[in-house]
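Working through the structure, step by step
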Amino acid sequence: MQTERVQEIHIFPLNAVLFPDGLLPLKVFEQRYIEMTKACLSENRPFGVCLIKEGHEVGIAAVPEPVGCLAAIEHWDMPQLGVFQLVARGGERFRIREMRVAPNHLISAEIEPIPPDAAADTVDPLCREVLQAIVDKVGAERFSSPLRLDDAAWIGYRLAEVLPLEARVKQELLELTDADRRLERLHALLVKQGISDPG
């Protein structure tokens, strides 16, 4: 029987959804998150990004959605004292099991990982074509490399992060555990916007 991997991390609630392999630029200026950033850098540990369910990014600790994504700091800079500029990359998804809030309103949580999506047999042609067009327009450097345009999970995550969807919809797409179902949902959203099937 496989032992359940439970770990404890800091949670950064945001008005944004981070997906696996996604790149997230962050400006960190609140003292609690500066401390979190320093700890993550010194210990080479990720933190967790969760969409805010209730509350705000600044001030009293917000209530996060229970499913989020690990974020590893890939690049950092301190352009001025007390401000971190970070670029974090999304890792595996997780579910919060238990949570506590420190006096400085920094959230810590015990989390369990959500397994990666099962490999899909095929990739939806419309979703791949739309993502390819977006990559061509904005530049491949805006996406995590290498580009994996034959990987249904990767395509689904990239479309979910770049399409102008409500945060609640992005969260639902993050929580889906089947790459085919995620692409089906995205396909329907694209068709609803008037984007036709290729060919």
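Predicted model only: the values in this text are computed from it and were never measured. (Residues numbered from 1 in each chain as written. Predicted model: local features only at pLDDT ≥ 70, side-chain atom pairs only at ≥ 80, totals over all residues. Heavy atoms only, no water.)

1. A look at a negative patch on the surface
A cluster of like negative charges, contributed by Asp121, Asp178, Asp180 and Glu184, occupies part of the molecular surface. Looking at where Asp121 falls in the secondary structure, it is placed in the loop between β7 (107-113) and α2 (125-138). (Patch = residues over 30% accessible without salt bridge, like charges linked within 9 Å, V, L, I, M, F, W, Y side chains within 5 Å. Areas by Shrake-Rupley, 256 points an atom, 1.4 Å probe, with all protein chains shown as cover. Salt bridge = Lys/Arg side-chain N within 4 Å of Asp/Glu carboxyl O. Lys, Arg positive; Asp, Glu negative; His and termini not counted. Charge placed at Lys NZ, Arg CZ, Asp CG, Glu CD. Helix = DSSP H or I, 4+ residues; strand = E, 2+ residues; numbered from the N terminus.)

2. Considering the side chain of Gln171
Counting through the fold element by element, Gln171 comes out in helix α4 (residues 167-175). A polar contact is formed between the side chain of Gln171 and the backbone oxygen of Val67, at a distance of 3.0 Å. Those residues in contact with Gln171 that lie beyond four places of it in its chain are Val17, Leu51, Glu65 and Val67. (Polar contact = N/O pair within 3.5 Å; in protein donor to acceptor, adjacent residues only side chain to side chain. Contact = heavy atoms within 4.5 Å.)

3. What to know about helix α5 (residues 179-192)
Because the α-helix completes a turn every 3.6 residues, residues three or four places apart line up on one side. Helix length check: α5 (14 residues) gives 20 Å between terminal C-alpha atoms against 20 Å at 1.5 Å per residue, within 8%. For α5, the complete set of buried residues consists of Ala179, Arg182, Leu183, Leu186, His187, Leu189 and Leu190. Each buried residue of α5 lies within a common arc of 165 degrees when the element is viewed along its axis, so the set occupies one face. Residues of α5 that are exposed and point over 90 degrees away from its buried face: Glu184 and Lys192. Those residues of α5 that are buried are in contact with β6 (83-101), α2, α3 (152-162) and α4. (Expected span 1.5 Å × (residues − 1). Buried < 20%, exposed > 50% of the residue type's maximum accessible area, 1.4 Å probe, protein only. Arc of directions from axis to C-beta.)

4. Details of the environment of Leu190
Among the secondary structure elements, Leu190 is positioned in helix α5. Note: C-alpha distance between Leu190 and Cys127 (63 residues apart in sequence) is 8.1 Å. Beyond its immediate chain neighbours, meaning those up to four positions away, Leu190 contacts Leu126, Cys127, Val130, Leu163 and Ile195.

5. Some points on the packing of aromatic side chains
Evaluated as defined, the whole model comprises four aromatic pairs. With centroids separated by 5.9 Å and ring planes inclined at 40 degrees, the aromatic side chains of Phe19 and Tyr157 adopt a geometry described as tilted. Here Phe19 is found in the loop between β1 (7-14) and β2 (23-28), whereas its partner Tyr157 is found in helix α3, with 138 residues between them in sequence. Each ring, one from Trp76 and one from Phe84, has its centre 5.6 Å from the other, and the planes form 70 degrees; the classification is edge-to-face. Judged by relative accessible area, Trp76 falls into the partly exposed class, the value being 45%. (Phe/Tyr/Trp six-rings, centres within 6.5 Å; stacked < 30°, edge-to-face > 60°.)

6. A closer look at the nonpolar core
Membership of the largest hydrophobic core comes to 31 residues, with the highest contact counts inside it found for Leu131, Ile155, Leu159, Leu173 and Leu186. Among the elements of the structure, α2, α3, α4 and α5 are those that each provide at least two residues to this core. Looking at this core, the element that brings in the most residues is α3, giving seven residues. Leu186 has contacts with Cys127, Gly156, Leu159, Ala160, Leu163, Leu165 and Leu173, leaving out every residue within four places of it along the chain. With 19 residues, the next largest nonpolar core counts Phe12, Leu24, Cys69 and Ala88 among its residues. (Core = buried A, V, L, I, M, F, W, Y, C linked by side-chain atoms within 4.5 Å.)

7. Concerning the state of the cysteines
Working definition of a disulfide: a covalent bond connecting the sulfur atoms of two cysteines. Scanning the model with the defined rule gives zero disulfides in all. Here Cys50 is not disulfide-linked; the sulfur of Cys69 is the nearest cysteine sulfur, at 9.3 Å. (Disulfide = S-S within 2.5 Å.)

8. Digging into the environment of Thr122
Summarising the element assignment, Thr122 is placed in the loop between β7 and α2. C-alpha of Thr122 to C-alpha of Gln7: the two residues are 115 residues apart in sequence and 34 Å apart in space. If we skip the residues at most four places from it in the chain, Thr122 touches Ala152 and Asp180.

9. Notes on the pattern of salt bridges
For the structure on display, the rule yields 15 salt bridges. Of the charged contacts, one joins Arg89 and Glu74 as a salt bridge, the two residues approaching to 2.6 Å between their closest N and O atoms. Of this pair, Arg89 sits in strand β6 while Glu74 sits in strand β5 (residues 67-80); the two residues are 15 residues apart in sequence, bridging distant segments of the chain. Of the residues examined, Glu74 reaches a relative accessible area of 47% and is grouped as partly exposed. Ionic pairing is found between Asp117 and Arg93, a salt bridge with its closest N-O pair at 3.0 Å. In this pair, Asp117 sits in the loop between β7 and α2 while Arg93 sits in strand β6, placing the two residues 24 residues apart along the sequence. With respect to class, Asp117 is no different from Arg93; both count as buried. Where salt bridges share partners, they join Asp21, Glu74, Arg89, Arg148 and Asp151 into one cluster.

Geometric descriptors of this kind do not, in isolation, establish any biological role.
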